[in-house]
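Coordinate analysis (summary)
Here's the letter readout for the chains.
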Amino acid sequence: MHRLPPALAANATSRILELVGDPPARVLELGFAGIHAVPLRLAGFDVTVVEPDPAFRTRGRERAGEVLDEPPQEPFDVVVAPAGANLAAVDAARVVLVAADGTASIAV
């Protein structure tokens, strides 16, 4: 999975908030070490943070509290992930991908 610099990833947060729809919704943040979790929670979303890279889990816990190392086997309304992330194990109705340039879009 391609890792975006934190500042670039954080720049995508406002666009992500537009794309996820209206709360309440269950959102899985995958591979961003909790960068989007707090703004999503403040907007009214139930957010689960997954950080597969052990080097970034501690930072994720500092930002977002509990951080899982793999996606849970339950459905989500939306998954937010970097473009190119392996989403085979994720059950989500909608996928928001963040590209290497920090832009966010709905996967088709």
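**Description of the sheet that holds strand E5 (residues 104-106)**
- Strand order across the open sheet formed by five strands is E2-E1-E3-E4-E5, with mixed pairing between neighbours. Both edges of this open sheet fall to strand E2 (46-50) and E5, since each of them pairs with a single strand only. Adjacent strand axes in the sheet meet at a mean angle of 25 degrees, parallel and antiparallel pairs treated alike.
- One ladder, built from three bridges, connects strand E1 (residues 26-30) with strand E3 (residues 75-82); its direction is parallel. Residue pairing in the sheet places Glu-29 in a bridge with Val-80 of E3.

**Section: the side chain of Arg-57**
- One can find Arg-57 in helix H4 (residues 54-64).
- The buried charged residue Arg-57 lacks any salt bridge partner; its closest oppositely charged side chain belongs to Asp-69, at an N-O distance of 4.5 Å.
- Sequence-distant contacts of Arg-57, that is, excluding residues within four places in its chain, are made with Glu-51, Pro-52, Val-67, Leu-68 and Asp-69.

Rules of the game
Numbering of residues starts from 1 in each chain and follows the order in which that chain's sequence is written. Note on the predicted model: pLDDT of at least 70 is required for a residue's local features to be given, and 80 or more for side-chain atom pairs to be given and counted; whole-chain, interface and lining totals, by contrast, use all residues. Note: side-chain values were computed over all heavy atoms of the structure, leaving out hydrogens and water. In this scheme, strands are said to pair when DSSP sees at least two bridges between them. Only DSSP runs of H or I reaching four residues or more are called helices, and only runs of E reaching two or more are called strands; each is numbered from the N terminus. A fitted line through C-alpha atoms serves as each axis, taken over the contacting stretch for helices, and the angle formed by two N-to-C directions is quoted from 0 to 180°. With a 1.4 Å probe rolled over the protein chains alone, any residue whose accessible area is under 20% of its type maximum counts as buried; one over 50% counts as exposed, and the rest are partly exposed. Residues scored as positive are Lys and Arg, those scored as negative are Asp and Glu, and His as well as the terminal groups of each chain are ignored. Here, a salt bridge means any side-chain nitrogen of Lys or Arg that lies within 4 Å of a carboxyl oxygen of Asp or Glu. Whether two residues are in contact is decided by their heavy atoms, any of which lying within 4.5 Å being enough.

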